[in-house]
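Remarks on the overall topology
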Amino acid sequence: MSWAIEIEDLTVAYQQQPVLWDVDVVIPSGQMTAIVGPNGAGKSTLLKAVLGIVRPAAGRIRVLGRPFRAQERRVAYVPQRADLDWDFPATVFDVALMGTYGRVGWLRRPGPAEHALARTALERVGMTNLADRPIGQLSGGQQQRVLLARALAQEADIYLLDEPFQGVDAPTEATLLEVLRWLKQQGKTIVVVHHDLSTVAEYFDWVVLLNVQCIACGPVGEAFTPDNLRRTYGGRMVTPVLSTTSA
Amino acid sequence: MSPALEILLVAVLTAAACALPGAFLVLRRMSLVSDAISHAVLPGIVIGFLLTENLQHPLLLVLAGASGLLTVYLIELLEKTGRLREDAAIGLVFPALFSVGVLLIAQLADQVHLDTDAVLLGELAFVPFDRLQWQGIDLGPRALWTMAGLLLMNVLLLWLLYKELTLATFDAAAAAVLGFRPILLHYLLMGLVAVTVVAAFHAVGAILVIALMIGPPATALLLARRMPTYLLLSLLIGALSALPGYGMARVLDVSIAGSMATMVGVLFGLVWLLAPETGLLARWRRHRRQQLDFALDLLLLHLLHHEHQPAATVERHQDTLPAHLNWTSERLNIILAEGQRRGWLQRKGPEVHLTPAGRARATQLVETLAPARSP
Amino acid sequence: MGRPRSYLLTFGLAGILLLLTSCQATLPREDGRLRIVATTSIVADLARQLGGEAVEVTALMGPGIDPHLYRASEGDVTRMQQADLVLYNGLHLEGKMGDVFERMRALGRPSLAIAECVPDSLLLRASGYGGVYDPHVWMDVRRWQYAARCVAETLARMDTARATFYRNRLTAYLAELEATDAYVRRQSATLPPDRRVLITSHDAFRYFGEAYGWEVHGLLGVSTAAEAGTADVQALAEFIVARRVPAIFVESSVPERYLRALQEAVAARGFSVRLAGPLYSDALGDPGTPAGTYTGMIRTNIDTIVEALRSIATP
Amino acid sequence: MDFTLRIVMTGAALLGLISGSLGTLAVLRRQGLIGDTVAHAALPGIVLAFLLSGSKASVVLQLGAAISGTLAMLWVQSVVRTTRIRFDAALGMALAVFFGLGVVLLSAAQHTAGAAQAGLDRFLFGQAATLLREDLLTMAVTGALALGLVLVFWKEVKLVLFDEAYAAALGLPVRWLQTLLIILLVVAIVIGLQTVGVVLMIAVIIAPAAAARQWSSRYGRVLLLAGLFGLLSGALGAWISNLAPRLPTGPIIVLLLTVLVLLSVLVAPARGLLWQRYRRRRARATAQQAVVAVLQELAHHHPEDYPHPTATIQAALGANVPVEAILRDLERRGKVQHKPGQGWHLTNPPHTP
């Protein structure tokens, strides 16, 4: 099996608070991988470390056998929906087109080829008829589809998705899954930060159980065991969300 | 009382009076409302002057306060449409009101010395010369009394509404459920801000009022973890920035209010840099100190982790360690030396091994880390 | 909280130290001279002329300072506190400061608004709203004589031992003012009446105009903080072209660029007007220069004006 | 047209164009109030520039203003990045502290710099009527440079404004682009200071963008419209202030802009409040007709006052229609009657054929 992403001894700390501790993770090429763990387990941070958005305190990350910085265009990122300002003046098509900005490069504008890419991507997620709609008028599921379309337009080899199924309606979940499976058929690698444990076995081939440390990493059949889950969630399946109530 | 002492006292009282509502403004992310109010009172003052033809008339202050409240109301109104964000709402309302004021002056009172500066800016330096007298007895500067009254009012109101305001600030929904009427509380607080701004800038000038409303609470936020400490520190820091501010004004013979406002910034800068635990310097030093501990723990964990894996001999080899941990070999050597000194590591030829003590520590680390860790 | 407290303590101690050093008592006058604090340099000059070596005069506003925009410094407090007498122009020239002095007087601290010594009938009402007077009375030397008498009287009253001294100085100074007044009239008379048109950046010369027969226009209102409208610039430019005014005058306390806009507007109408000056309006020139005293300033001004307007206007 | 009017109108229009379009960059990030801080923070820079150079030339003072404005914003940024202090508090503090420092320097200059310092703080008052031709040139050149940069980095800027994390993942130098944005904004503000003054500057930054946002949901169009709105209100404001004496240009422009924003919020096609109300009313009328139609249809098959349960009507219209509320509304207007526990029927049913 060849690895799309190899993470060795990765440690990430925000102001000396370790968020990821000595994590070793491998993610196989051409498969769908879920990253699972409680809140604050460092799932999003793991993605951001792979993307070079956060700087690790120690460790090595290789994407397709090479450092990420050399091939940022081969990795597409779908951030959490809630992190974006949906009142930004842009249409669905504009957002999809942003996926091509990487390949267009500095000083140039997207041309007909890029427009075609964005259109195809929107078609793939079933948003063609909404292409001219302002993003401010989209439902949560539609927002998620646009973000996926943007990633598709990037024509990457690896897709990193941060909680794409969070708070979307059932049809959208089905569409998203369908698109992800289609990507997989194309030989792409898909990595999803996932919160719904009940669907892990159904949707994914490979799973990474994470809670600051890597608890387990492997094919779903082997790694996604009750024992590992208990170790990941510390005996409880729900961790309390500690509010930051200090002034 | 010497005039210097009187000025200082007024400054300290003003700082304390401003810090209290300011602390809530800062928490509610509405700091710039203070600036908005300080400009938007102009039409109130101008209309007051046109009605009374007297710049000293108390009606001016009343109308100024009213325009302050109007500002807050209009900002709220615009925001509620959902079409404008808070920054845009603030940035539209107060320049519009200010423009109305300027136009009124230009149209009706141009020849009068109703300069925006003269009206808006009280001057701290003149505080000792505007005194209150009662039956021939000198009762001290007028501003001393107004500021003391203002402080008293603010302390009293905030003491009465402390828990409601605190709750409404952190969780308006919860406050509403508990029947605290967050809207009412909001307007009460804003009314307090408006009155404080108007009364205080009449005594010390607009810019110092804004500095004192935002600066000390922001500084306190760097130090405090709990609400009461935060409020208390805001008060204290506000009062304290007055002292070096006055000192600087004296040494350099410059504007007192300007120099106090500058000192608010300097004090903030000092705390930002030097605060224990959260200060930049402390963080940097801790970072340096902990880096070693941290790296050592990391190495222990790494070794423990790979101890029983087939690749263990590779993982613990001193030539592969730097590459795997992304460390230089010099750094590795420093950390190895420290690990050996603490008796956690031992070298076997080119391999690095955990001692029993080291293994115990690593195991303990693993246990304390994973499940218990919360954000 | 242990450590923050120690930081705060340090700041507190530092502050208290500063406080202690600032509490020095008013020093007794060993030379018996009256301490006079004056707001503008023009008022200060009057005090110096009349008090001579018997008084020690401090001006709060240095040369070139526009009284409307003055920002008080810490030293001003001490200076005002230790003054035996505060002299200020009044008629709202000093903005908020004027109110302060008025209150000081109400509290029995001697202060004198010298422009208010001029009889009301001789004061020009500011046009527009309200019953407020134009404060620039010093621009007419005769009106300034009222101020001089007033100041001398006050000094004589406060320092009875030197009453005669002050009265003698007053007589001498009144003569000097008389001579200056005559000089201004002579100089003005060298121009034909229809050429006596004075255009400045702000409306400080209305008393001058009224006293010496000049037509006076200012680009800005009385208060220099007011904003000129486009219409004001146009109207003045039209006027300059119509009357073929050869020069307009920059004032020391108002930026030159305002008048340059007027100059450009005139140029666009096919006429050329010269920027002359500076005229001293709200403040004297630097000490030691001819415009460093009041009479010197008045003479310098009229020389500058007449000199610039004497040249024939060139279309 | 008159020369002065032409100059002032051109200047105000240029200012509106530049700050309107550049201001959009801040407003879209909810950071419009940066304008207030930068405008105030210009003061110490102006005074220092004069003290160091001895010159009161606009360009020199503007350079000083730009430098201190940028410094203030860098301070704000690093405070926000390294502490728990929010953006608004950092902005407010920078505003007051920098302006306070400016006042200190100004009062020091009054004592030390002699007659030459006169009128320094006038730079902060708007004096649109006294704009010079050379001012227009400075405005045009700096404005063109700034807008040119926006064009050159068009898609990068757009991406950073909308989605920083994605921009970073694409390998864009986000930090660097953010600094560029701030510098562009500082340029816009410094250009406008001597035309509209320190207090009103913020409206010229915020209002055009706020108005433009109502009319379009395309980034490029919002930018263009904001520039256009700024340009028009600038020119029109200058023209109006020319109509009568004592109408200062700055406040007129600001009031025009305010009216423009209010109008936009009310009548802009997609987002206008009036349209929204109209659409809601229309939707309610349509829904009412639909409910009545359903009841009429049902009445054909049942006795006149046979009550139909809400669920039946709901099922006929689909889950999206607020049937209950509509029925209550119709009941108030006497169109239907409610039999408690049973359902609804028309008060005036069609005659069965």
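Our structure is the block above this text.
Notes on the structure in this doc start here. Predicted model only: the values in this text are computed from it and were never measured.

So, on to the interface of chain C and chain D. On the side of chain D, 42 residues touch chain C, which itself brings 37 residues to the contact. Between chain C and chain D, a total of about 3200 Å² is buried, with carbon and sulfur atoms accounting for 49% of that surface. At the junction of chain C with chain D, the criterion picks out 3 salt bridges. Across the pair Arg133 of chain D and Glu264 of chain C runs a salt bridge, and its minimum N-O distance is 4.0 Å. Summed over the shared surface of chain C and chain D, the result is 5 residue pairs in polar contact (both at pLDDT 80 or more). Listing elements by their share of the side of chain C that touches chain D, those giving two or more residues are helix 3 (74–82), strand 6 (215–220), helix 8 (230–243) and helix 9 (256–268) of chain C.

Residue and element names in this part refer to chain C. Throughout the structure, instances matching the rule amount to 39 salt bridges over all chains. Two residues, Asp134 and Arg206, come together in a salt bridge whose shortest N-O distance is 3.3 Å. You can see Asp134 sitting in the loop between strand 4 (111–113) and helix 5 (141–158) and its partner Arg206 sitting in helix 7 (residues 206–212), a full 72 residues away along the chain. Taking the relative accessible area as the measure of exposure, Asp134 reaches 0% and is therefore buried.

On to the interface of chain B and chain D. In this complex, chain B contributes 55 residues to the contact, which on the side of chain D involves 55 residues. It is Leu32, Arg83 and Asp87 of chain B in chain B that bury the most area against chain D; as a group they hold 16% of the surface buried on that side. Run the count over chain B and chain D and you get 0 salt bridges. Here chain B is connected to chain D by 13 residue pairs in polar contact (both at pLDDT 80 or more).

Counted according to the given criterion, the structure contains 19 aromatic pairs over all chains. Centroid distance Phe88 of chain A to Phe162 of chain D: 5.3 Å. Interplanar angle 45°. Geometry classified as tilted. Of the two residues, Phe88 of chain A is situated in the loop between strand 5 (75–78) and helix 2 (92–98) and Phe162 of chain D in helix 6 (residues 154–162); the pairing between them involves two chains. Accessibility assignment for this pair places Phe88 of chain A and Phe162 of chain D in one class, buried. Consider the rings of Phe268 of chain B and Trp75 of chain D, whose centres lie 5.8 Å apart with planes at 90°: the pair is edge-to-face. Note that Phe268 of chain B is positioned in helix 13 (residues 256–274) and Trp75 of chain D in helix 3 (residues 58–82), a pairing that runs across two chains. Judged by relative accessible area, which is 0%, Phe268 of chain B ranks as buried. By relative accessible area, Trp75 of chain D is classed as buried at 17%. The ring centre of Trp182 of chain A lies 3.5 Å from the NZ or CZ of Arg124 of chain A, which sits over that ring. Above the ring of Tyr146 of chain C, the side-chain terminus of Arg149 of chain C is found at 5.8 Å from the ring centroid.

Definitions and cut-offs
- Residues numbered from 1 in each chain as written.
- Chains lettered and ligands numbered in written order.
- Predicted model: local features only at pLDDT ≥ 70, side-chain atom pairs only at ≥ 80, totals over all residues.
- Heavy atoms only, no water.
- Contact = heavy atoms within 4.5 Å.
- Buried area = accessible area lost by both parts, 1.4 Å probe.
- Salt bridge = Lys/Arg side-chain N within 4 Å of Asp/Glu carboxyl O.
- Polar contact = N/O pair within 3.5 Å; in protein donor to acceptor, adjacent residues only side chain to side chain.
- Helix = DSSP H or I, 4+ residues; strand = E, 2+ residues; numbered from the N terminus.
- Buried < 20%, exposed > 50% of the residue type's maximum accessible area, 1.4 Å probe, protein only.
- Phe/Tyr/Trp six-rings, centres within 6.5 Å; stacked < 30°, edge-to-face > 60°.
- Lys NZ or Arg CZ within 6 Å of the ring centre and 35° of its normal.

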